[in-house]
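A look at the structure
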Amino acid sequence: MSLMLSVNNDLRLAEREHEFDDGELRRLAAQSVSRTLQDVDTMEKLDEGGFNRIFLITMHDEFQMIARIPYPVTQPKFYAVASEVATMAFLRAHDLPVPKVYGYSPTSDNAAKTEYIFMELVKGTKLTDLWMQLKEADLASVLRQLVKLESHIMSIPFPAGGSLYFVDDLEKVAGEKTGIQMSLKGEHFCIGPDVRLHMWYGRRSQLDVNRGPYENAEAALAAAARKEIAYLERFGQPLLPFQRGRREAYRYEKQSPLDHIKNLQRYLLMASSLIPNNRSLRAFCIRHPDLHPSNVMVSTSPDSGQLEIIGLLDWQHAPILPRFLLAGIPDRLQNYDDPDSRNLVPPSFPPNADNMEEYELMEAVGLHHARLVHFHYAKGTEELNNLHHDALSDSASIFIRRLFYQAGAPWEAETHDLKALLVEATEEWGELAGAGVPCPVEFEPDDVSKTKAFSERLQLADENVQNIRGMIGFETETWVPSDQYRKAKSLAELVKLKVLMEIPKGELRDKTEANWFLDNMDEDDYI
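Here we summarise the structure given alongside this text. (Residues numbered from 1 in each chain as written. Predicted model: local features only at pLDDT ≥ 70, side-chain atom pairs only at ≥ 80, totals over all residues. Heavy atoms only, no water.)

What follows covers the packing of helix α12 (residues 358–384) against helix α13 (residues 386–393). The N-to-C vectors of α12 and α13 enclose an angle of 125°; their axes lie 6 Å apart at closest approach. Taken together, the axes of α12 and α13 are oblique relative to one another. Our pair here, α12 against α13, has a crossing hand that is left-handed. Where α12 approaches α13, its residues Tyr377, Thr381, Glu382, Glu383 and Leu384 are matched on the opposing element by Asn386, His388, His389 and Leu392. Looking at the contact of α12 with α13 residue by residue, the classes come out as three nonpolar, four polar and two charged. (Axes fitted to C-alpha atoms, helices over the stretch in contact; angles between N-to-C directions. Helix = DSSP H or I, 4+ residues; strand = E, 2+ residues; numbered from the N terminus. Parallel < 35°, antiparallel > 145°, perpendicular 65-115°, else oblique. Left-handed = near helix turned anticlockwise from the far one by under 90°. Contact = heavy atoms within 4.5 Å. Nonpolar A, V, L, I, M, F, W, Y, C, P; charged D, E, K, R; others polar.)

What follows is the structure, encoded as structure tokens:
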């Protein structure tokens, strides 16, 4: 199923436009598997992901392979390609089910005029194609396999943090140090710059800041926040919040980057005291950066008849970080908003399902499935991945991860979410830092009260946006299935008109219309 954006769709499509030499890409692909251009039968687009266009290349002898090229907007181009290739090779050397790389170029300085990765085609079924149809026993089995693979991956020790590369690739970058070197089965790897997208997003790629290797947990905790301070000091300017559904809560007033810098500095004062005493939680490890069913390939075992995981795809932007910062149930598998899931209550289907209306039954099926996934992943981790479970179940680590990711996120003309977490940190400081450690940050009681009140105001704004998204049929952000695009756009216009008609004519109505969150907008100042 292809997706389209309801907001700024033309801009997103323009970002993906990419001219390259089709014939030369075919020739280079054939060359990477000891064939010639004449051996290539077809090259067809297989998929378009968030950062790459994927092609299936078929030879006349029916051999098939994957060619993947990043969009021009994908960042950081060289590091993203080079790190993913090295990460895949490193994990394959540890006997993990990762596609074999046949050839790659982290620069466009080649005959095809594009960066590329040629890799093995994993012949199986995407787990997402079976996901909602799996019986509980099959779902539990697949999740246990996934947890076992994660246990293997997260148990691999690293001497520092950042991202993984081949030594030769980092040496090609002008003036680039070769990082902290590691050898494995004759291959020379090294830990170099952290390739996570938010470290390089937009004009942040122009900054000369520390992106690793991180020698210790404190350096890893601080790097993203220091990057954001450097960005705001160089490029920051007062802006309206990027999330237009929240602008009314801010009275349509531009927000100063200086406020965010101040809160980032508060975070940095706290950072050194937020490191767990448990050595296993501080240890550096690697983990899949975007684990969800679309990146898991399965097939049916001819022996047992059971589904088996045969491939883990898409290792772009994979970081090496302390375990307490990488822990957590993957976003696409967690169901933390549900109290039963948070408390690991064994899921059961509602006994009154036979009496439900169709829409109620569909909601019940979706909720039950989400609970099953969360429950079996969490229980499997408890049994099979003790190191991860320790970090997953440590309440202090859970909060510190939220704070860490909020402090490193690109500024979108709001600082409230970070400030609210900082306030909470001061209130829970003893649990986070340990008894007897003084908190280096203080907030005035009046400031705390106003911050909490504003949190409630923003929550209402977020709920309004979420309700409208659900009404129109958005998936993630404002993506909709392409066959529902026109319907979604028309419905969005009707909702907008209805909202505006309920507001008396005047300044508020004009501002609501001008800042409607489903209209296209200029994003340049936020990049």
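For the rest of this paragraph, the subject is the sheet that holds strand β13 (residues 307–312). Pairing is antiparallel across the open sheet formed by three strands, whose spatial order is β7-β12-β13. The open sheet has two edge strands with one neighbour each: β7 (125–126) and β13. Note that β7 and strand β12 (residues 296–300) share two bridges and pair antiparallel. Considered in β12, the bridge of threonine 125 is made with valine 298. Against the sheet, helix α5 (residues 136–154) contacts β12 and β13, and its axis sits at roughly 40° relative to β13. (Pairing = 2+ DSSP bridges.)

This part covers helix α3 (residues 77–93). It helps to recall that an α-helix has 3.6 residues per turn; residues three or four apart then point in one direction. In this model, α3 (17 residues) spans 25 Å end to end at C-alpha, consistent with the 24 Å of a helix rising 1.5 Å per residue. The element α3 is extensively covered by neighbouring structure, given that 15 of its 17 residues are classed as buried. With its phi angle positive at about 65°, aspartate 95 sits one or two positions after the end of α3. (Expected span 1.5 Å × (residues − 1). Buried < 20%, exposed > 50% of the residue type's maximum accessible area, 1.4 Å probe, protein only.)

A few words on the pattern of salt bridges. Per the stated rule, a full pass over the model turns up 27 salt bridges. In this structure, glutamate 48 engages lysine 45 in a salt bridge whose closest nitrogen and oxygen atoms are separated by 2.8 Å. For glutamate 48, the salt bridge is made with arginine 53, and the minimal N-O distance between the two is 3.0 Å. Judged by relative accessible area, arginine 53 falls into the buried class, the value being 12%. (Salt bridge = Lys/Arg side-chain N within 4 Å of Asp/Glu carboxyl O.)

Turning next to the packing of aromatic side chains. Per the stated rule, a full pass over the model turns up 14 aromatic pairs. For the ring pair phenylalanine 78 and tyrosine 79, a centre distance of 5.8 Å and an interplane angle of 85° mean the geometry is edge-to-face. A single burial state applies to phenylalanine 78 and to tyrosine 79, both of which are buried. Seen from their ring centres, tyrosine 79 and tryptophan 200 are 5.0 Å apart, and the 35° between their planes marks the pair as tilted. Residue tyrosine 79 is found in helix α3, and its partner tryptophan 200 is found in the loop between β10 (187–192) and α7 (217–235); the two are separated by 121 residues along the sequence. Since its relative accessible area comes to 11%, tyrosine 79 is described here as buried. Here the aromatic cluster, defined as three or more aromatic residues joined through ring pairs, consists of Phe78, Tyr79, Tyr165 and Trp200. Its guanidinium or amino end placed over the ring of tyrosine 231, arginine 204 lies 3.6 Å from that ring's centre, counting from NZ or CZ. One Lys or Arg, arginine 211, reaches over the ring of tryptophan 200 and ends 3.8 Å from the middle of that ring. (Phe/Tyr/Trp six-rings, centres within 6.5 Å; stacked < 30°, edge-to-face > 60°. Lys NZ or Arg CZ within 6 Å of the ring centre and 35° of its normal.)

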